[in-house]
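Letter by letter, the chains look like this.
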Amino acid sequence: MNLGPMEVLVILVVAVLIFGPKNLPKLGSALGKTVRNVREGMEGTDESEDSSSPKSDSDE
């Protein structure tokens, strides 16, 4: 997906208009946490198939 600087600017302006400048940090934080959880979930499915090396929470 190739996004030029003008497309990114339009997306940011629309986001500010819809959510307001005060809510953008909260939205960004929630989006980041969601992406991180999805990635961890995808990695977890790969590890569950290979049960020879279980990963503990203290490894992170």
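Residues numbered from 1 in each chain as written. Predicted model: local features only at pLDDT ≥ 70, side-chain atom pairs only at ≥ 80, totals over all residues. Heavy atoms only, no water.

**Student:** Could you give an account of the overall build of the chain, with specific residues and numbers?
**Tutor:** Within the chain, the regular secondary structure consists of 2 helices and 0 strands. Here the chain, with 60 residues, has 3% of them falling under the buried criterion. Counting only carbon and sulfur atoms, one obtains 62% of the accessible surface of the chain, whose full area is about 5,500 Å². (Helix = DSSP H or I, 4+ residues; strand = E, 2+ residues; numbered from the N terminus. Buried < 20%, exposed > 50% of the residue type's maximum accessible area, 1.4 Å probe, protein only. Areas by Shrake-Rupley, 256 points an atom, 1.4 Å probe, with all protein chains shown as cover.)

**Student:** Explain a nonpolar patch on the surface residue by residue, including any values.
**Tutor:** On the surface, a cluster of nonpolar side chains totalling about 870 Å² of accessible area is made up of Met6, Leu9, Val10, Val13, Val14, Leu17, Ile18, Phe19 and Leu27. It is helix α1 (residues 5-19) that contributes the most residues to the nonpolar patch, 8 residues altogether. Of note, Leu9 is situated in helix α1. (Patch = residues over 30% accessible without salt bridge, like charges linked within 9 Å, V, L, I, M, F, W, Y side chains within 5 Å. Salt bridge = Lys/Arg side-chain N within 4 Å of Asp/Glu carboxyl O.)

Keep in mind these values describe shape, not function.
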